[in-house]
Amino acid sequence: MAAPRVVLIGPPGSGKSSVGKRLASLLEVTWRDTDDDIATTAGKSIPDIFLEDGEPRFRELEAQAVAVALAEHDGVLSLGGGAVLDPRTEGLLATYVAQGGEVVFLDVSLAKAAPRVGLNAARPLLAGNPRARWQELMAARRPVYERVASRRIDTDALTPAQAAARIAGLE
Ligand code: S3P
């Protein structure tokens, strides 16, 4: 059974995609994102899933997508910001870490994350007041990110390339 080289977790705007792509390139492996998998399975975009089917259905699809990706992907895997909230996902990640896997929490401040997520309609959970919503999400989730991660990287002072190099052990 395959296992990812590295799993990236963190809130929206923490750089899970940009760091993940660079890290995969450094490690010479492929990059996969569970949000992409969910959209492919559902045949529609993440905002459309939220709008038409609701968040509970999205979370169900997400838990399934994470389980499949953890079992079959052997490169870098980026999870959606809320994926770790599912107890099944937390359990799978705990097993993965216990077996030597690396789950990296990309920590980031509101100041750095806000311009990245600001008015992006592709993030339905931040609709309305993105800055306030982001802060609420991060406050509620930080304990989970810290509990699930085997490693935390403070990305505020790092470019995505620097964060990727640090995770890869190159700096
Ligand atoms: C979500 C984050 C999104 C996406 C969905 C829900 C969340 O992914 O999975 O909109 O709950 O934080 P990103 O973290 O890549 O923005």
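Quantities reported herein were computed from a predicted structural model and do not represent experimental measurements. (Residues numbered from 1 in each chain as written. Predicted model: local features only at pLDDT ≥ 70, side-chain atom pairs only at ≥ 80, totals over all residues.)

What follows deals with the environment of A163. Of note, A163 is situated in helix α8 (residues 160–167). With 27 C-beta atoms counted inside 10 Å, the residue A163 sits in the buried group. Along the chain, A163 and G15 lie 148 residues apart, while their C-alpha atoms are 9.2 Å from each other. (Helix = DSSP H or I, 4+ residues; strand = E, 2+ residues; numbered from the N terminus. Buried ≥ 20, exposed ≤ 12 C-beta atoms within 10 Å, placed from the backbone.)

On to the sheet that holds strand β3 (residues 76–78), then. Pairing in this open sheet of five strands is parallel, and the strands run β2-β3-β1-β4-β5 from one edge to the other. With one partner strand each, in any of the chains shown, β2 (31–33) and β5 (151–154) form the two edges of the open sheet. The average undirected angle you get between the axes of adjacent strands in this sheet is 25 degrees. Where strand β1 (residues 6–9) meets β3, three bridges bridge the pair, whose relative direction is parallel. Counterpart to L8 in the pairing with β3 is S78. In this fold helix α1 (residues 16–27) packs onto β1, β2, β3 and β4 (102–107), with an angle of close to 175 degrees to the strand it touches most, β3. (Pairing = 2+ DSSP bridges. Axes fitted to C-alpha atoms, helices over the stretch in contact; angles between N-to-C directions. Contact = placed C-beta atoms within 7 Å.)

This paragraph deals with the packing of α1 against α8. How two helices pack is summed up by the angle between their axes together with the distance between the axes. At a minimum axis separation of 8 Å, α1 and α8 run at an interaxial angle of 50 degrees. As the angle between them shows, α1 and α8 are arranged oblique. Crossing of α1 over α8 shows right-handed handedness. Here α1 contributes S18, V19, R22, L23 and L26 to the contact with α8, which in turn contributes P160, A161, A163, A164, A165 and I167. Class assignment of the residues belonging to the contact of α1 with α8 gives a composition of nine nonpolar, one polar and one charged. (Parallel < 35°, antiparallel > 145°, perpendicular 65-115°, else oblique. Left-handed = near helix turned anticlockwise from the far one by under 90°. Nonpolar A, V, L, I, M, F, W, Y, C, P; charged D, E, K, R; others polar.)

Keep in mind these numbers describe shape, not what the thing actually does.
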